[in-house]
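Residues per chain are reported as follows:
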Amino acid sequence: MAMKAVKQHVHGRLIQANGRAALLLIDLNPTEETAVSLYLRYALVVMGPEDHVLPALLLDDWGNEIRGLEIYQFIREHGDDFPRAEVFGFDLDGSETQLFLRSLELHMRWPCYVYTSADEPLAQGVRLHAVLLPTAGIDAPLAVDRPDEEAIARPLRAAQVNWWQVPPHTESFAFGLEDG
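So, here is what we can say about the structure in this document. (Residues numbered from 1 in each chain as written. Predicted model: local features only at pLDDT ≥ 70, side-chain atom pairs only at ≥ 80, totals over all residues. Heavy atoms only, no water.)

**Some thoughts on the nonpolar core**
Right, so step 1: Core analysis: the biggest nonpolar cluster contains 37 residues, and Leu25, Leu40, Leu58, Leu101 and Leu156 have the highest contact counts within it.
Right, so step 2: Secondary-structure elements contributing two or more residues to this core are β2 (20-27), β3 (37-42), β5 (52-59), α1 (70-78), β9 (112-115) and β11 (130-134).
Right, so step 3: With near-sequence residues (within four places) excluded, Leu156 lies in contact with Gln8, Leu25, Leu28, Leu40, Tyr42, Val131 and Trp163. (Core = buried A, V, L, I, M, F, W, Y, C linked by side-chain atoms within 4.5 Å. Buried < 20%, exposed > 50% of the residue type's maximum accessible area, 1.4 Å probe, protein only. Helix = DSSP H or I, 4+ residues; strand = E, 2+ residues; numbered from the N terminus. Contact = heavy atoms within 4.5 Å.)

See the structure below:
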């Protein structure tokens, strides 16, 4: 079985301008693929060069395999306890890589990349800068704190993005707002 980088299926719309990207999040846990299906991949960051690695599989110190989004939960809960655990995955160019947990920045937020199809090449991912939460009753984007765990679960909650509430029918986003 070929190794594949872990991905999270969501429904949303990708909004891009001025070299930045935002995800207008429609549904964090969709049950089927539709025209608004997008796929998120969260990068682990290598200490020093800060290279991004997209994991596919983690082996703990006893050889137990951890796959899927559970990799991120394992790293958050046990990363410091298992420095010799091995991550198998991919560099952003799609080449396979293998490293130990001790070589990763375990406590930083994860860079997030969005893909328009489940099998899109890893190198074509778009780095997200913001997640837009459609919110009834507002008429302009409003910067908000990272949502709590009940509202948005990890790994998206731990992504390296800014969070905004936006009117439900938002079509564009003024990325300059992030800098202010």
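Moving on from the coordinates now.
**Observations regarding the sheet that holds strand β1 (residues 8-17)**
Hydrogen bonds along the backbone pair up the strands of a sheet, which may run parallel or antiparallel.
Right, so step 1: The eight strands lie next to each other as β10-β9-β3-β1-β2-β11-β13-β12, forming an open sheet whose pairing is mixed. Sheet topology places β10 (126-127) and β12 (142-144) at the edges, where each strand pairs with a single neighbour.
Right, so step 2: Pairing of β11 with strand β13 (residues 162-166) involves five bridges; the strand directions are parallel. Opposite Ala130, over in β13, you have Asn162 as the bridge partner. (Pairing = 2+ DSSP bridges.)

**Focus on the pairing of β5**
Right, so step 1: Burial analysis of β5 places eight of its eight residues in the buried class, the great majority of the element.
Right, so step 2: Two elements, strand β4 (residues 44-45) and β5, share two bridges in a ladder whose sense is antiparallel. What sits directly across from Val45, in β5, is His52.
Right, so step 3: Relative to strand β7 (residues 86-91), β5 runs antiparallel, the two sharing six bridges. Bridging across to β7, Val53 finds its partner in Asp91.
Right, so step 4: In this sheet, strand β6 (residues 65-67) lies alongside β5 in antiparallel orientation, the contact comprising three bridges. Counted as the bridge partner of Leu57 is Arg67 from β6.
Right, so step 5: Hairpin geometry of β5 and β6 is characterised by an intervening segment of five residues between the two adjacent antiparallel strands and by a positive phi of about 85° at Gly63.

**A short note on the pattern of salt bridges**
Pairs may arise between side chains of opposite charge once their charged atoms sit close together.
Right, so step 1: In the structure shown here, the tally under the stated rule is four salt bridges.
Right, so step 2: Residue Arg13 pairs with Glu171 through a salt bridge whose shortest N-O separation is 3.7 Å. Here Glu171 lies in the segment after β13 and Arg13 lies in strand β1, a separation of 158 residues in the sequence.
Right, so step 3: Given a relative accessible area of 29%, Arg13 falls into the partly exposed group.
Right, so step 4: Notably, a salt bridge pairs Arg67 with Glu65, separated by 3.0 Å at the nearest N-O pair.
Right, so step 5: For Arg67, a relative accessible area of 37% translates into the label partly exposed. (Salt bridge = Lys/Arg side-chain N within 4 Å of Asp/Glu carboxyl O.)

Everything listed is a geometric property; what it means functionally is a separate question.
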